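This is what each chain is made of:
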Amino acid sequence: MAELPESVANADSADLYACLGISPDASQADIATAYRRLSRIVHPDKRIASSSAGDASSSASTDAGDAAYQRIRRAYDVLRDSETRRIYDEFGLEGLRALTDGAVVLRGRGVAELREELVQLRRLREEAAVMKLTQPATQLTVGLNCSSVFSPIEEDQPKGIYLERLSFSQNTSFILTPKHRLVLAGSLGNMGRTYVPTVSLTMRSQLTDKLSSDVTLGLNYLPTAAGKLTYRLSPNLLASVRAEVTSMQGGTLVPKLTPSLSCQISPKCVGTLSYAWNSPNKGARAEVLWQAAEGFHGKAALFLAPNDAGGQLSCTREVGDLRMGVSCQLTLKELWSLRYHLAQKVSEYSEAGMSIRVGPNVGVRLKLSLSRGNQVYAMPIVLSEWMDPAAIVYGTAVPLLAYAVVYKCIYAPWLAKFQQSRSQQSDTEASGRAARQAEALSAQSLMRQSAQNSRESERSRGGLVIDRAVYGYLATNEADQQLPSDSSSSVIDVTDCLQILVDQSHLEIPASLTKADLPGFYDPAPPPSSSTSSSTGAASATRHLLIRYTFNGTAHSVLLGDGDSVRLPQRRHAVA
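Just so it is clear, the structure is predicted and the values come from calculations on it, not from any experiment.

Conventions and cut-offs
- Residues numbered from 1 in each chain as written.
- Predicted model: local features only at pLDDT ≥ 70, side-chain atom pairs only at ≥ 80, totals over all residues.
- Heavy atoms only, no water.
- Helix = DSSP H or I, 4+ residues; strand = E, 2+ residues; numbered from the N terminus.
- Buried < 20%, exposed > 50% of the residue type's maximum accessible area, 1.4 Å probe, protein only.
- Contact = heavy atoms within 4.5 Å.
- Areas by Shrake-Rupley, 256 points an atom, 1.4 Å probe, with all protein chains shown as cover.
- Pairing = 2+ DSSP bridges.
- Axes fitted to C-alpha atoms, helices over the stretch in contact; angles between N-to-C directions.
- Expected span 1.5 Å × (residues − 1).
- Salt bridge = Lys/Arg side-chain N within 4 Å of Asp/Glu carboxyl O.
- Patch = residues over 30% accessible without salt bridge, like charges linked within 9 Å, V, L, I, M, F, W, Y side chains within 5 Å.
- Bend = angle between axes of the 7 residues up to and from the residue.
- Polar contact = N/O pair within 3.5 Å; in protein donor to acceptor, adjacent residues only side chain to side chain.
- Core = buried A, V, L, I, M, F, W, Y, C linked by side-chain atoms within 4.5 Å.
- Domains from an automatic or database assignment.
- Phe/Tyr/Trp six-rings, centres within 6.5 Å; stacked < 30°, edge-to-face > 60°.

Undergrad: Looking at this structure, how should I read the overall build of the protein?
TA: From N to C terminus, the protein includes nine helices and 23 strands. Here the protein holds 576 residues, and 34% of them are scored as buried. In the protein, the proportion of contacts linking residues at least 24 apart, taken out of those at least 6 apart, comes to 44%. Surface accessibility of the protein: about 33300 Å² in total, with carbon and sulfur atoms responsible for 56%.

Undergrad: In this structure, what is going on with the sheet that holds strand β22 (residues 554-561)? I would like to understand it.
TA: Two orientations exist for strands paired in a sheet by backbone hydrogen bonds: parallel and antiparallel. The strand order across the open sheet formed by four strands is β19-β18-β21-β22, and the pairing between neighbours is antiparallel. At either end of the open sheet lies a strand with only one pairing partner, and these are β19 (491-493) and β22. Strand-to-strand twist of the sheet, defined as the mean angle between neighbouring strand axes without regard to direction, takes the value 20°.

Undergrad: Is there a simple way to explain the side chain of S167 in this structure?
TA: Along the chain, the position of S167 falls in strand β2 (residues 162-177). Residue classification places S167 among the buried positions, given a relative accessible area of 16%. Leaving out residues up to four positions away in the same chain, S167 has contacts with Q139, L140, T141, L188 and G189.

Undergrad: How should I be thinking about helix α2 (residues 28-42) in this particular structure?
TA: Each full turn of the α-helix corresponds to 3.6 residues, which orients residues three or four apart in the same direction. Compared with an ideal rise of 1.5 Å per residue, which puts 15 residues at 21 Å, α2 spans 21 Å between its outermost C-alpha atoms and is within 8% of the ideal. Three or more residues of α2 are buried, namely I31, A32, A34, Y35, L38, S39, I41 and V42.

Undergrad: When you look at the pattern of salt bridges in this model, what are you seeing that I'm missing?
TA: The full count for this structure, using the stated rule, is 17 salt bridges. Here E287 makes a salt bridge to R285, at a shortest N to O gap of 3.5 Å. The partly exposed category is assigned to R285, whose relative accessible area is 29%. Within the structure, one salt-bridge network assembled from shared partners comprises R71, R436, E439 and D517.

Undergrad: Which parts of the structure should I look at to understand a nonpolar patch on the surface?
TA: On the surface, F174, L176, L184, V199, L201 and L219 cluster together into a nonpolar patch covering about 520 Å² of accessible area. Where the nonpolar patch is concerned, the elements lending two or more residues are β2 and β4 (194-206). Counting through the fold element by element, L176 comes out in strand β2. By relative accessible area, L176 is classed as partly exposed at 47%.

Undergrad: Can you help me understand helix α8 (residues 389-460) in this one?
TA: In the structure, α8 departs most strongly from a straight axis at Y407, where the bend amounts to approximately 45°. Between the side-chain oxygen at the start of α8 and the backbone nitrogen of A390 there is a gap of 3.2 Å, and the oxygen is on D388. One or two residues past the end of α8 sits G462, with phi positive at roughly 70°.

Undergrad: How do you make sense of the nonpolar core when you look at a structure like this?
TA: Burial of nonpolar side chains together is a common tendency in soluble globular proteins. By size, the foremost hydrophobic cluster in this structure holds 56 residues, and its most contacted members are L20, I466, V494, L498, L507, I547 and L568. Residue contributions to this core reach at least three from each of two domains, namely domain 1 (6-128) and domain 2 (433-573).

Undergrad: Is there a simple way to think about the packing of aromatic side chains in this case?
TA: Think of a pair of aromatic rings as described by two things: how far the centres are apart, and how the planes are tilted against each other in angle. If you walk through the whole model with that rule in mind, you get seven aromatic pairs. When the centroid spacing of 4.1 Å and the interplanar angle of 5° are considered together, the rings of Y35 and Y76 count as stacked. You can see Y35 sitting in helix α2 and its partner Y76 sitting in helix α4 (residues 59-79), a full 41 residues away along the chain. Neither Y35 nor Y76 differs from the other in exposure class; each is buried. Aromatic pair Y411 and W414: ring centres 5.7 Å apart, planes at 40°, arrangement tilted.

Structure, rendered in C-alpha cells:
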C-alpha cells in the first residue's frame, strides 16, 4: 500500500472524484487522463508561463493557484492507488484520516485487517452519534433533611443530615413514523425504606390534523392503563379528556377521569379549565398564563376540592441569562406559603437554580437544581419544620455565595477559554472558506483559455457549447430563472468550469459527485432571503445549477438540483 500524502490529514470534506470531475466507477486510466487534463490547466508551470506573458498575478493569487493544483494532486494521490481508493470509497476521508492520525496503524497491516478496524471505528462513532441524538430524558432527585441542625425537636437530639428521598426516572422516545411515537419510561423511588419501581409504555399518535391520542400501559406493583384524547375545536380552543384505570389489591378497579379545556384568550394569554374525578387531586381547577411584557410572565390559579380550596399567584422576570420569580399560595390546609426562586443560564444548554419555600405548615425548604439538556438533577432540602429566620437566611445566602465562588474561580475561566476556542474555530472555518473561494477563482482564471479553445472547437462542428452556467442559491420558479448579476454573492459563474469538462460534445456529471467540489466550483454564501419560499421569486434554500447551452445551433436551458446528475445534451432541454 502506498504511503498517504501528508495533505490528507488536513484535508477538507472535498469529494475527491468531483475534484477530478470523474465518476466514482472511473477506471485507473480515466483517473490518470482526468488528472493530466486538469494539471495542464492549473499546474504552477502554466501559471509561470502566463505571468511571463504579461498577466502577472499577486502573491495571494499565486497561493490560491498552488492550492488548486494541490487539491487535484491530493485527489489523484489517493485514487491512483487501488488500496487507498478502496478505503476512501468505503470510509471516505474519515477512513484516510484514521490512517494518518494514528487511530488505525497503516504499516504492516493487510487491507482486510485495516477494513475490519475501520469498520469498528466507524461503528463506535456512529453509536456515539446515536446516543447523542437519542439521549433519554433523565431526572435524579436526592432529598435531604437538615431540620435537626436548625430546629431540633429535642434539646439532646443529635444534629445531622439525613437522606429523606431518593428517586431516579428516565424516559426515551422512539419515532416509529412521522405520526407515531413510542415513549418508554421508568422510575425508581423510595416510600419510606421501601423502593418502588414503576414502568410505563406510551404510544402517542397524531390521528388527524385536529385529533391526537396517548395510550399508556404502566406497572407499579399493580397494572394501570390510561388513555388521552386531544381535539382542536378551533384555532384558539383545545379540548382533552384523560381516562385512567388503576388496579388495587383484591382485584378492585378504580376509574379516574380528567377533562380539560384550554383557550387562547389573546396572543399573550392562555386559560385552562380542568376537573379531576376520583383521583388524589380531585376537584376543579382554573389557570391563566400570561406575558405582560418582554421577559415577564405571570400565572394565576384557583382550585376547589372537597376538603380544600385556594389560589396561587406567581410572576417570573427574565433579565438576560438570569430568571427570577416569586409565588404566593393560599389554601385552607396549608394557610399560606411563599416561594422565591433564581435560575442562571450557565451555558447554551445548562441552567443552575435555587428556590426557597416558607410557610407555617411547610417550614423552610430549599431546592437546588441543575439541568443540562434533557438531564435534570434536583436536591430538595428540608431546613426547618417551622419558619426559622436563621434557616431562611442560611438557605438563601449559602447557595448564592457558593455559586458565586464556583462561577468566579472555576466556571468563568473555563467559559472564557471555551468561547475563545469556538471563536478561533469559527475564524479558521471562515478563512478556510475564503481560501477555497480564492482557490476556485484562481483555477477559473487558469481555465479560461482552455475553455475558450474547447468552445471554438465545439462551435466549429456544431457541438456542445456552454453559453452561460451559474451555480448557487437560485430561484426554482420557472418564471424567475433569470441569470443573476455578477455582483451576487449567492451564485457563481461556472461557465468555463463546465466547458472544460465537455468531451466529444457530451457532458456527464454523476449525481454522486458533490458539485461544490468540482474544478473551479465552491460553495457560495446563502442569501439572507433563502428562507423565503421560492414561489415568491426569492432564492431557494438549496443550491441549484442553471445551464444555458447551444447544441447543433439550437438553444437549450436546464435547471438542476445539487443532487441531480448532469447529462448534456438532451432534446427536452431545447428552448421553444
